[in-house]
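One-letter residues, chain by chain:
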Amino acid sequence: MPTSPKLNGLAEEALLAFREMHVLGVKCNEFTFPSVLKACSTARDLMRGKQIHGIVVVTGFESDVFVANTLVVLYAKCGEFSDSRRLFDEIPERNVVSWNALFSCYVQSDFFEEALGLFQEMVFSGTNPDEYSLSSILNACTGLGNINQGKRIHGHLIQLGYDSDPFSANALVDMYAKTGGLQDAISVFDEIAEPDTVAWNAVIAGCVLHEHHSQALALLGQMKRSGTSPNMFTLSSALKACAGLGFQKLGRQLHSFLTKMDIKSDPFVSVGLIDMYCKCNLMDDARIVYNLMPEKDVIALNAMISGHAQNGEDIEALSLFVERNKDGVGFNPTTLFTILNSTASLQAVNVCQQVHSLSVKSGLQSDIYIVNSLVDSYGKCSNIEDAAKVLEECPFGDLASFTSMITAYSQYGQGEEALKLYLKMMQQYIELKPDPFVCSSLLNACANLSAYEQGKQIHVHVLKFGFMSDVFAGNSLVN
């Protein structure tokens, strides 16, 4: 996790002061060492941290719990988790701060399983967690998407009387919102006496995540009326809600509000505006926002290309990709996935081949979404041979790829190949279950071949997997 230049500057000043103190022969104590070790953690300066650790050992302060806790954090924040855990285990009398130190480092580094395991150790050791312990573990539950474990931690909070603590309440709202319990998130939020910006952001973002866009905008109105000022994160969520509802007027009002907050310095907000304008079919506005961005990264590029593709402007999507690729912006799997969808719509086989070549050169040819898009794009460009080759070279089986290939065979009069491929899919990849689209394509292939018996077998599969009510499968059966 990067730190700000300001924080790093202050840490450097602290380290220089410590060096001068050491040169002058002034003795350090249990208050000096935690401060200077914290400065090393902030600066991610493990080398100097180890030197100070050596002084700690020589002066006999390694057993002091406050010094030991800061050593645990130092090594963890510098990525040395095995050393951090060893130092933690060596603390003779660990207090709740010791446990919290390692919890927070695990969570900040996305080691959520390790954090939960450590929490279990803490409970079994007889140490009572405090509000900071429980807030950290709630964040781990959020990272894992584990709502059941989150509910158990919620129980601990209530038992220990920390459920009204603002940090814990905010973590609860965030956890429920991100793990599928939106109503629980709203219930917890409603119990907060004076929700701060973090709480409002968590519940509004949760509504947007679950596509309750109207509710998100209603909460934004409540937030303003409560006297709490929305920040860029709040307004970014509101932009997503406007995009979801196609609210052009409100979206423009939010843009105006954001302009006063100097959005040019925040690429996250600019991408949100591009997405909103694209989804409201206001491509000129989206392009203006994109052009005004001082630094255009691949995320902004993807938002713009996706917008062009969603609005049927596939040529513009391809042109922008070529233009930005020449400028060295680069690309990722999402970029190529979107571009391949545009090539499929345009039936531009030459472009499809060029993108295929790019995916091979960049090592992305085995990405599941790239494979699916290549098969689909080649198929829609009538290049059945290359589509089949991509599928054959794929190291894993995926239903979307098989569906695209079977559909292409069926559409271009190769019904027998479609049936053979379906049989191969069912035999070699038993974990893959057909969907209505596969069955529809197979039934069309049988119709074109006048293959009545094979058609009856596919009919059995339609019944077996419960697709009789599907419009596509039903129409193909009638045919």
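Residues numbered from 1 in each chain as written. Predicted model: local features only at pLDDT ≥ 70, side-chain atom pairs only at ≥ 80, totals over all residues. Heavy atoms only, no water.

Chemist: I'd like to hear about the overall build of the protein, residue by residue, with values.
Modeler: Scanning the protein from N- to C-terminus turns up 28 helices and 0 strands. Along the longest, intermediate and shortest principal axes, the C-alpha atoms of the protein span 95 × 50 × 50 Å. Sorting the 479 residues of the protein into buried and exposed places 47% on the buried side. Summed over all atoms, the accessible surface of the protein reaches about 24,100 Å², with 53% contributed by carbon and sulfur. Averaging the coordinates of the 34 positive side-chain charges in the protein and doing the same for the 52 negative ones gives two points 3 Å apart. (Helix = DSSP H or I, 4+ residues; strand = E, 2+ residues; numbered from the N terminus. Buried < 20%, exposed > 50% of the residue type's maximum accessible area, 1.4 Å probe, protein only. Areas by Shrake-Rupley, 256 points an atom, 1.4 Å probe, with all protein chains shown as cover. Lys, Arg positive; Asp, Glu negative; His and termini not counted. Charge placed at Lys NZ, Arg CZ, Asp CG, Glu CD.)

Chemist: Please give an account of the side chain of Ser404 that cites residues and values.
Modeler: When you line up the elements, Ser404 lands in helix α24 (residues 399-411). Aside from chain neighbours lying at most four places away, what touches Ser404 is Asn372, Val375 and Asp376. (Contact = heavy atoms within 4.5 Å.)

Chemist: Account for unusual backbone geometry, naming residues and giving values.
Modeler: Excluding glycine, residues mostly carry a negative phi; peptide bonds, for their part, are mostly trans. At Glu211, a position not held by glycine, the phi torsion is positive, near 65°. Inspection of the secondary structure puts Glu211 in the loop between α12 (197-209) and α13 (213-225). Residue class for Glu211 comes out exposed when judged on its relative accessible area of 62%. With phi around 70°, Ser382 is a residue other than glycine that occupies positive phi space. Within the fold, Ser382 resides in the loop between α22 (368-380) and α23 (384-393).

Chemist: If you had to explain the packing of aromatic side chains to someone new, which residues and values would you point to?
Modeler: Counting across every chain of the model gives 11 aromatic pairs. Relative to Phe61, the ring of Phe33 lies with its centre 5.6 Å away and its plane at 55°, an arrangement referred to as tilted. Placement of the pair is Phe33 in helix α2 (residues 32-43) and Phe61 in the loop between α3 (46-59) and α4 (65-77), with a sequence separation of 28 residues. Look at Phe103 and Phe119: their rings are 6.2 Å apart centre to centre, the planes differ by 45°, and that puts the pair in the tilted class. Separated by 16 residues along the polypeptide, Phe103 in helix α6 (residues 96-108) and Phe119 in helix α7 (residues 112-125) bring together distant segments of the chain. The class of Phe103 is buried, set by a relative accessible area of 0%. Ring pairing ties together the aromatic residues Phe81, Tyr106 and Phe111, which thus form one cluster. Its end group placed over the ring of Phe257, Lys224 keeps NZ or CZ at 5.6 Å from the ring centre. (Phe/Tyr/Trp six-rings, centres within 6.5 Å; stacked < 30°, edge-to-face > 60°. Lys NZ or Arg CZ within 6 Å of the ring centre and 35° of its normal.)

Chemist: Run through the nonpolar core, naming residues and quoting values.
Modeler: Soluble, globular proteins show a tendency: their nonpolar side chains are buried together. Of all hydrophobic cores here, the largest spans 139 residues; its most connected members are Ile274 and Met405. A total of 9 residues in this core trace back to one element, the largest contributor, which is α4. In contact with Met405, not counting residues within four places along its chain, are Val375, Ile384, Ala387, Ala388, Leu391 and Leu421. (Core = buried A, V, L, I, M, F, W, Y, C linked by side-chain atoms within 4.5 Å.)

Chemist: Give a description of α3 that names residues and reports values.
Modeler: The terminal C-alpha atoms of α3 lie 20 Å apart, and with 14 residues this matches the ideal 20 Å at 1.5 Å per residue to within 8%. Taken as a whole, α3 has its buried residues at Leu46, Gly49, Ile52, His53, Ile55 and Val56. Projected down its long axis, α3 shows its buried positions confined to an angular sector of 165°, all on one face. Set apart from the buried face of α3 by more than 90 degrees, the exposed residues are Met47 and Val58. Positive backbone phi, at 80°, marks Gly60, one or two positions downstream of α3. (Expected span 1.5 Å × (residues − 1). Arc of directions from axis to C-beta.)

Chemist: Describe the environment of Gly330, listing the residues and the values that go with them.
Modeler: Turning to its location among the elements, Gly330 is positioned in the loop between α19 (314-326) and α20 (333-346). We classify Gly330 as partly exposed; its relative accessible area is 21%. Remark: the alpha-carbon pair of Gly330 and Asp297, spanning 33 residues in sequence, is separated by 8.2 Å. Among residues more than four places away in sequence, those in contact with Gly330 are Val298, Leu301 and Asn325.

Chemist: How would you sum up the packing of helix α9 (residues 147-160) against helix α10 (residues 166-178)? Please name residues and give values.
Modeler: The contact between α9 and α10 brings their axes to 10 Å, and the two run at 160°. In this view, α9 runs roughly antiparallel relative to α10, as classed from their interaxial angle. Helix-helix and strand crossings are classified by hand; for α9 and α10 the assignment is left-handed. For the pair formed by α9 and α10, the contact residues are Ile147, Gly150, Lys151, His154 and Leu157 on the first element and Ser168, Leu172, Met175 and Tyr176 on the second. Along the lines of polarity and charge, the residues of the contact of α9 with α10 split into 5 nonpolar, 3 polar and 1 charged. (Axes fitted to C-alpha atoms, helices over the stretch in contact; angles between N-to-C directions. Parallel < 35°, antiparallel > 145°, perpendicular 65-115°, else oblique. Left-handed = near helix turned anticlockwise from the far one by under 90°. Nonpolar A, V, L, I, M, F, W, Y, C, P; charged D, E, K, R; others polar.)

Chemist: Account for the packing of α4 against α6, naming residues and giving values.
Modeler: Between α4 and α6, the shortest axis-to-axis distance is 9 Å and the interhelical angle comes to 10°. In terms of their interaxial angle, α4 and α6 are classed as roughly parallel. Residues Val65, Asn69, Val72, Val73, Ala76 and Lys77 of α4 form the contact with α6, whose own contacting residues are Val97, Ser98, Ala101, Leu102, Cys105 and Gln108.

Chemist: Go over the pattern of salt bridges, please, and point to the residues and values.
Modeler: This structure, assessed with the given rule, holds 13 salt bridges. Linking Lys279 and Asp275 is a salt bridge whose minimum nitrogen-to-oxygen distance equals 3.3 Å. With Lys279 and Asp275 both in helix α16 (residues 267-279) and 4 residues apart, this pair spans about one turn of that helix. In this structure, Lys380 engages Asp376 in a salt bridge whose closest nitrogen and oxygen atoms are separated by 3.3 Å. Highlighted residues: Lys380 and Asp376, both in helix α22, separated by 4 residues, approximately one helical turn. (Salt bridge = Lys/Arg side-chain N within 4 Å of Asp/Glu carboxyl O.)

Chemist: Give a description of α22 that names residues and reports values.
Modeler: Along its 13 residues, α22 runs 18 Å from first to last C-alpha, staying within 8% of the 18 Å computed at 1.5 Å per residue. Here α22 lies mainly inside the structure; 10 of its 13 residues are buried. Regarding α22, the residues found buried are Ile370, Val371, Asn372, Ser373, Leu374, Val375, Asp376, Ser377, Tyr378 and Gly379. Positioned one or two residues after α22, Ser382 has a phi angle of 70°, which is positive.

Chemist: Residues and numbers for the environment of Cys352, please.
Modeler: Mapping Cys352 onto the fold places it in helix α21 (residues 349-361). Separated by 60 residues in sequence, Cys352 and Leu292 place their C-alpha atoms 30 Å apart. Beyond its immediate stretch of four places on either side in the chain, Cys352 contacts Leu340, Thr343, Leu374, Ser377 and Tyr378.

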